[in-house]
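Residue-level structure breakdown
Residue strings, one per chain:
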Amino acid sequence: MTLSTEPRLSGRKTEFQKSGTSLVVCEGKSSLALMLLIAKDFQIPCHVVFDCDGGSDEKYHAEHIRDNNAIFQLMGRASLEGFPAAHVKEADLTAWVDTIEAVLEDEFGLDKLTFHQAGSDAVGYLKNSRKNPLFVAAAMKAAWDAGRRFSVVDDVVTNILK
């Protein structure tokens, strides 16, 4: 949702649509790896965006490392492994060190609670609401209206549009 919200807020929605870009939500890295295999088999160009989950509970690290490595290898980046030290921002690959939610937290800055409230007002107080697309869109809109810009997300959209 973050990647579809930024073009709307920045006025690049039409450019995004004209590019023929489709966003495919995979609901997890294991599913992403499968979709990536299908895209590669059909020679469909893609820009892969995923969370490396570097800040996750240690009991899940082995699973995240396995999935991260599979995606990096499928994208021809075998030199990248496990949990990168910095965001990977390349022409066809974006991998957040932790999660997109953590990236947005940084972009929201000191007013993040205000923007989270806008998200909560949109969806209520659901479990894991910060992953809810409506929460994200409402929080980003509130931040945008307050003058915040999302440079990290903007970079991804710009790469996709190239």
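You'll find the structure just up there.
A short tour of the structure in this document, coming up. (Residues numbered from 1 in each chain as written. Predicted model: local features only at pLDDT ≥ 70, side-chain atom pairs only at ≥ 80, totals over all residues. Heavy atoms only, no water.)

Focus on the sheet that holds strand E1 (residues 48–51)
Sheet architecture is open: three strands sit in the order E1-E3-E2, paired in mixed fashion. Since the sheet does not close on itself, it has two edges, and those belong to E1 and strand E2 (88–90), each with one partner. Pairwise comparison of adjacent strand axes, ignoring direction, gives a mean angle of 10° for this sheet. Looking at chain direction, E2 and strand E3 (residues 93–96) are connected through three bridges and run antiparallel. The residue bridging Lys89 from the neighbouring strand is Thr94, located in E3. Along the sheet face, helix H4 (residues 61–74) touches E1 and E3 and points at about 165° away from the line of E1. (Pairing = 2+ DSSP bridges. Helix = DSSP H or I, 4+ residues; strand = E, 2+ residues; numbered from the N terminus. Axes fitted to C-alpha atoms, helices over the stretch in contact; angles between N-to-C directions. Contact = heavy atoms within 4.5 Å.)

Regarding the pairing of E3
With burial as the criterion, each face of E3 is covered, one bearing Leu93 and Ala95 and the other bearing Thr94 and Trp96. Taken together, the four bridges between E1 and E3 define a ladder with parallel strand orientation. When the bridges of E3 are listed, Val49 appears paired with Thr94. Here E2 folds back onto E3, and the loop between the two strands holds two residues. (Buried < 20%, exposed > 50% of the residue type's maximum accessible area, 1.4 Å probe, protein only.)

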